[in-house]
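These are the residues of each chain, in order.
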Amino acid sequence: MPPHHLVQKDQLEALDRQVQAQSRYLAALMLEASNSVQAMHGVQEEIGLLRLEVRELADRPPPPVAPPAAAPTPSPPAQEPPRSRSPEVVFEGKKVVGAVEKVYLAPPNILLPARIDTGAATSSLDARDLRDFERDGAPWVRFHIVDPETGDEVEVERKVVRHVRIISAAAEESERRPVIELHVILGGISRTAQFTLSDRSSLEFPLLIGRNILQDLILVDVGREYIAPPQVPDSKSR
C-alpha cells in the first residue's frame, strides 16, 4: 500500500481557498471572452451595414450637373442727358433774371458778369484809363474794358451824353462821372441805355445794371443767379 500522507486541516482550507480563487478567475476570463465575442459580432454587423450603404451609393446614378450660369451682361453705363440752356423765365409778361447775370454789351461786343441792382437808378460800367477828349466840338471819352474771357483790355470810345455827381461811401467829396450810351442785352431784352463810367477794379463785378434798364421790362429774383440765358447777336446784326 502506498504510504499515506497526513495533511493538516489548515493546509486543506488553504488549498480550498486557492481552488475557489482560481475558479472565480476562470469564470471572469470566460465572461470577458464572451463579451469580446459579442463585441466582435457587433463590429462585424456595423461593417456589414457600412458595406451595404457603400454598394447602394455606388449603384445610384450620378446627379445631373447643372450648366454653369451665364455671366450677367453688364448694362451700359447711364448716359447723362444733354444739357440744354435754361429757357427764359417770364412772369406776368416780364422777363425774370437773377441777382447776377451775364450781360451782352456793345461796344465792345462782349459778355460781362453783372450785378443786378434794383436800388441803383443808373447802370454803371468799369472804365479803366478813362480819358476825356473832344470830337467835332463835342465831349467824348476813351477808356478800356477788361474782357473776362481773355483778360485782354479792349479800347472803347463813346460820346458823353451828360455828367453826374456821385457821392460814394468811401469818399467825402462827390465825384463827377461821365455818362455814355451803350447797347445792352439782358434776359432777351435788347435796348440802348445810359451807363456811368468809373474804375470798378476793386469791385467784384465790372458791370452794374440799375433801374434804367430794368424798369417796366424785367423782374429780379434776388435768390437766384444766372437764370437768364446770355444772348449774343450774330456778327451781321452788330
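Residues numbered from 1 in each chain as written. Predicted model: local features only at pLDDT ≥ 70, side-chain atom pairs only at ≥ 80, totals over all residues. Heavy atoms only, no water.

Draft legend 1. Structural context of the layout of surface pockets. By volume, the largest pocket amounts to about 270 Å³. Along the walls of the largest pocket sit 13 residues, with Ser124, Ile166, Arg177, Ser198 and Arg200 positioned nearest its centre. By residue class, the composition of the lining of the largest pocket is 4 nonpolar, 6 polar and 3 charged. (1 Å grid on protein atoms, 1.4 Å probe; cavity = no way out; pocket = protein on both sides within 12 Å on 5 of 7 lines; lining within 4 Å. Points joined across faces, edges and corners; volume = space filled by probe spheres on them. Nonpolar A, V, L, I, M, F, W, Y, C, P; charged D, E, K, R; others polar.)

Draft legend 2. Quick peek at the side chain of glutamate 101. One can find glutamate 101 in strand E3 (residues 100-106). With no salt bridge to any partner, buried glutamate 101 finds its closest opposite charge in arginine 224, at an N-O distance of 7.9 Å. Side-chain polar atoms of glutamate 101 contact the backbone nitrogen of alanine 228, separated by 3.2 Å. The residues contacting glutamate 101, other than those within four sequence positions of it, are Leu112, Pro113, Ala114, Ile116, Leu186, Glu225, Tyr226, Ile227 and Ala228. (Helix = DSSP H or I, 4+ residues; strand = E, 2+ residues; numbered from the N terminus. Buried < 20%, exposed > 50% of the residue type's maximum accessible area, 1.4 Å probe, protein only. Lys, Arg positive; Asp, Glu negative; His and termini not counted. Salt bridge = Lys/Arg side-chain N within 4 Å of Asp/Glu carboxyl O. Polar contact = N/O pair within 3.5 Å; in protein donor to acceptor, adjacent residues only side chain to side chain. Contact = heavy atoms within 4.5 Å.)

Draft legend 3. Structural view of the environment of glutamate 149. Mapping glutamate 149 onto the fold places it in the loop between strand E7 (138-146) and strand E8 (153-159). You can call glutamate 149 exposed: its relative accessible area is 62%. Distance in space between the C-alpha atoms of glutamate 149 and leucine 111 is 8.5 Å, their sequence separation being 38 residues.

Draft legend 4. Quick look at a nonpolar patch on the surface. A cluster of nonpolar side chains, Tyr25, Leu26 and Leu29, forms an exposed patch at the surface whose accessible area comes to about 300 Å². Within the secondary structure, leucine 29 is located in helix H1 (residues 9-59). Its relative accessible area of 37% is what places leucine 29 among the partly exposed residues. (Patch = residues over 30% accessible without salt bridge, like charges linked within 9 Å, V, L, I, M, F, W, Y side chains within 5 Å. Areas by Shrake-Rupley, 256 points an atom, 1.4 Å probe, with all protein chains shown as cover.)

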